[in-house]
Amino acid sequence: MSIVQTQGLSKTFRSGLIKKARVEALKDVSLSVEAGEIFGLLGPNGAGKTTFVKILLSIAHATTGEAQVFDHALGALSIRQKCGYLPENHRYPQFLTGLQTLLLFGNLHGLKGRALKQKAQALLERVGLKDWMNVKIKRYSKGMLQRLGMAQALLNDPELLFLDEPTDGVDPVGRKEIRDVLKDLKVQGATIFLNSHLLSEVELICDRVAILNKGQVLKVGTISEITAPQLEYEIQLEGTVTERLLAIIKSSVAETHADARVLRVTVPDKLVLNQILDSIRKEGILIESVMPRRATLEDYFIKVLQSGEGS
Amino acid sequence: MMVVTIREAILRGTLIFYFAVGNIIVAFVAFAIKASPDGSAVLVFGNSIPAKSLMGMSAADFLLIQLQRSSTSAIMFLGIFAVAGLIPSMLEKGTAELYLSKPLSRTSLFLSRSFGATIAIALNILYFALVIWALFGIKLGVWHSGFLLSCLMVAVAFVFYFSVVAFTSLLTRSQGFAIMLGFLFWFLSSALETRVLGLYKLWDNVIYHRTLDTLYYVTPQISGMLENATRLIGKNPFDRMLGPQATADFTIMPFIYSFLSASAIYALAARYFSKQDY
């Protein structure tokens, strides 16, 4: 079941009083997010990731296109009732303490009284801010503010959680903790929509990802689809790669990269791989290992962006 | 949301500052006035004023009028300073997203923010009014209900006046600009109130005169409201020199016009807010 569905969503920003400059932040974006999954929206800075989320939450308005969240058209209050949101570069009133901040935003969710206070305290403990809950947030570090933002986003036990760069400024331990919180939420049945350019983070927790560049969706798929093993191998040698060997190999493979003792080849089929191995043996070089190479999400991401798709 | 706004205004400290300044004025009044031992005069810093008749009115009425007049502008200006930041602070990048992602319509968010701000100031004004009214009652034996009503009307005038500040806050997203434009409007309102004697004479043109008249009726009539609020205490003897218009009886019309124009401004502002991207 799709929790989020968009069809041809576009957003054009206009600025300037007389000569209006146009910036197309989103171009014909069609995506769906399934219930219970962790969905990652990837893209470089300025790709349109934040605009996309803001439109889903009615913080910004689409220029054209349609979208439904929980089967409701955008703008319905019931959508925001069920959503949590951690914006990028969020900013809280500096004169509040962490606890007061959660009480303030909890009130806006319609939560009140002792139940809200207990909830806020529990969340602050969960994100590791128990000892800081009564300290004014102007004293908080970037990482602590990010943790507070996570707690704020979880106040209403959201069914759908939007996180915009949630680990930005958080130390490695904090990142691990945030990942654990997200995994817990997934187990509890929440759907998580993650905006990030930290690909290693996304790779660790997302079920599916979409790559967005210059407002256009370039690719949607599961992590395993995107990083599926290709016919790419890394051959570890016990001798040095000779010029003659390199020339033989280059004549039969699509792509070669050689260090002194490591050969990386992309071959059309396994027969060619075996021919290469034979050639290596003929040169009297021992083969230590042959490993199929799985592309990382980062490899794929950079490749897609460099290929200029979507521009 | 209104309660949240009032709480935020308190936590910001600006409302506490406003409350403190108001209490200093109250303390000043408490220290300054007292009845003479025989009850025939009112002593202001020890200076005797005949209790019964001063420029055709009782000393207490005269003092209440002067006090209301002199403190109203200060109360309104300080009130604007105290709460003008509440709307721009909600619209700052990184904060607007947090508010707008909550299950509240933009109209109710804006209106409750605006009314929260105005109610905070209005309650302060009424508190000061009540204390000063009680002071005059206890110290001079004068329980002037007109003064209380007058202060209630000042509080209402503030609610209407704030519509202009709230709208400019939305447009400029800046506390500084909102305050400046709010003050500019105050002066414009004063100039429009006396347009026949002033602005009309700048250009003898019917269209220009009708434009000024239209502006007068479609914007909150700050000067008119405050002037009439004072009349609920009594007629200011100093106004006699300004002619019969200045000493007219109280009329509710400026409040009705201002209510209509403030409602229109709040509605327009809410509509504008609902269309904006943040």
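Read on for an overview of the structure. (Residues numbered from 1 in each chain as written. Chains lettered and ligands numbered in written order. Predicted model: local features only at pLDDT ≥ 70, side-chain atom pairs only at ≥ 80, totals over all residues.)

It is worth spelling out the overall build of chain A at this point. Helix and strand counts for chain A come out as eleven helices and 14 strands. Relative to the compact-globule value of 19 Å for 311 residues, chain A shows a C-alpha radius of gyration of 24 Å, a clear excess of over 25%. Its C-alpha atoms put chain A at 80 × 50 × 40 Å along the principal axes. Classification of the 311 residues of chain A by burial places 39% in the buried group. For chain A, contacts bridging at least 24 residues in sequence account for 68% of all contacts bridging at least 6. (Helix = DSSP H or I, 4+ residues; strand = E, 2+ residues; numbered from the N terminus. Rg over C-alpha atoms; globule rule 2.2 N^0.38 Å. Buried ≥ 20, exposed ≤ 12 C-beta atoms within 10 Å, placed from the backbone. Contact = placed C-beta atoms within 7 Å.)

As a further point, take the packing of helix 10 (residues 222-231) of chain B against helix 11 (residues 253-275) of chain B. Residue and element names in this part refer to chain B. Relative to each other, helix 10 and helix 11 sit at 145°, their axes nearing to 8 Å. Of the two possible hands of crossing, helix 10 and helix 11 adopt the one that is left-handed. The segment helix 10 lies against helix 11, with Gly224, Met225 and Asn228 engaging Pro254, Phe255 and Ser258. Of the residues belonging to the contact of helix 10 with helix 11, the class tally is three nonpolar, three polar and no charged. (Axes fitted to C-alpha atoms, helices over the stretch in contact; angles between N-to-C directions. Left-handed = near helix turned anticlockwise from the far one by under 90°. Nonpolar A, V, L, I, M, F, W, Y, C, P; charged D, E, K, R; others polar.)

Within helix 3 (residues 98-108) of chain A, nine of the eleven residues are buried, which leaves it mostly tucked inside the rest of the structure. Among all positions in helix 3 of chain A, only A:Gly98, A:Leu99, A:Gln100, A:Thr101, A:Leu102, A:Leu103, A:Leu104, A:Phe105 and A:Gly106 are buried. Against the buried residues of helix 3 of chain A lie helix 4 (113-126) and helix 5 (142-153) of chain A together with helix 1 (2-12) and helix 5 (96-100) of chain B. Positive phi appears at A:Gly110, one or two residues downstream of helix 3 of chain A, with a value of about 85°.

Here the focus is the sheet that holds strand 1 (residues 33-35) of chain B. Residues and elements named next belong to chain B. Strand order across the open sheet formed by three strands is 1-2-3, with antiparallel pairing between neighbours. The strands lining the two open edges of the sheet, one partner per strand, are strand 1 and strand 3 (47-50). Within this sheet the neighbouring strands show an average axis-to-axis angle of 30°, counted without direction. As paired strands, strand 2 (residues 41-44) and strand 3 are joined by four bridges and run antiparallel to one another. The partner of Val44 across the bridge, within strand 3, is Asn47. (Pairing = 2+ DSSP bridges.)

This paragraph deals with the sheet that holds strand 2 (residues 21-34) of chain A. Residue and element names in this part refer to chain A. Pairing is antiparallel across the open sheet formed by four strands, whose spatial order is 2-1-4-5. In this open sheet, the two edge strands, each paired with only one partner strand, are strand 2 and strand 5 (72-73). Pairing of strand 1 (residues 2-15) with strand 2, which is carried by ten bridges, proceeds in the antiparallel orientation. Looking at the pairing, Gln5 lines up with Ser32 of strand 2.

This brings us to the pairing of strand 14 (residues 287-292) of chain A. All names here are of chain A. Burial of strand 14 is sparse: only zero of the six residues sit out of reach of the surface. With five bridges joining them, strand 11 (residues 232-237) and strand 14 adopt antiparallel strand pairing. The partner of Leu237 across the bridge, within strand 14, is Ile287.

Bringing the interface of chain B and chain A into the picture now. On the chain A side, the residues contacting the 20 residues of chain B number 22 residues. Elements supplying a minimum of two residues to the side of chain B that touches chain A: helix 1 and helix 5 of chain B. With four residues, the single largest contributor to the side of chain B that touches chain A is helix 1 of chain B. Tallied by class, the residues present in the side of chain B that touches chain A amount to eight nonpolar, six polar and six charged.

A few words on the environment of B:Phe162. Residue and element names in this part refer to chain B. By the secondary structure assignment, Phe162 is in helix 7 (residues 145-172). For Phe162, a count of 28 C-beta atoms within 10 Å puts it in the buried group. Taking the C-alpha atoms as reference, Phe162 lies 16 Å from Tyr18; in sequence the two are 144 residues apart. Beyond its immediate chain neighbours, meaning those up to four positions away, Phe162 contacts Ser114, Ala117 and Thr118.

All right, on to the environment of B:Thr5 then. Residues and elements named next belong to chain B. Turning to its location among the elements, Thr5 is positioned in helix 1. Separated by 255 residues in the primary sequence, Thr5 and Leu260 have C-alpha atoms spaced 25 Å apart. Contact partners of Thr5, with chain neighbours within four places excluded, come to Leu86, Ser112, Arg113, Gly116 and Ala117.

What follows is about unusual backbone geometry. All names here are of chain A. One non-glycine residue, Asp28, adopts positive backbone phi at about 55°. Overall, the presence of 15 C-beta atoms within 10 Å leaves Asp28 in the partly exposed class. The backbone phi angle of Ser58 is positive, close to 60°, even though this residue is not glycine. Mapped onto the fold, Ser58 is located in the loop between helix 1 (49-56) and strand 4 (64-69).

Another aspect to go through is helix 8 (residues 175-193) of chain B. Residue and element names in this part refer to chain B. Helix length check: helix 8 (19 residues) gives 27 Å between terminal C-alpha atoms against 27 Å at 1.5 Å per residue, within 8%. Buried within helix 8 are the following residues: Ala178, Leu181, Gly182, Trp186, Ser189 and Leu192. Each buried residue of helix 8 sits inside an arc of 155° when the element is viewed along its axis, so together they form one side. Projecting away from the buried face of helix 8 at angles above 90 degrees are the exposed residues Gly176, Leu184 and Phe187. Buried residues in helix 8 make contact with helix 3 (59-83), helix 4 (86-91), helix 7, helix 9 (206-218) and helix 10. (Expected span 1.5 Å × (residues − 1). Arc of directions from axis to C-beta.)

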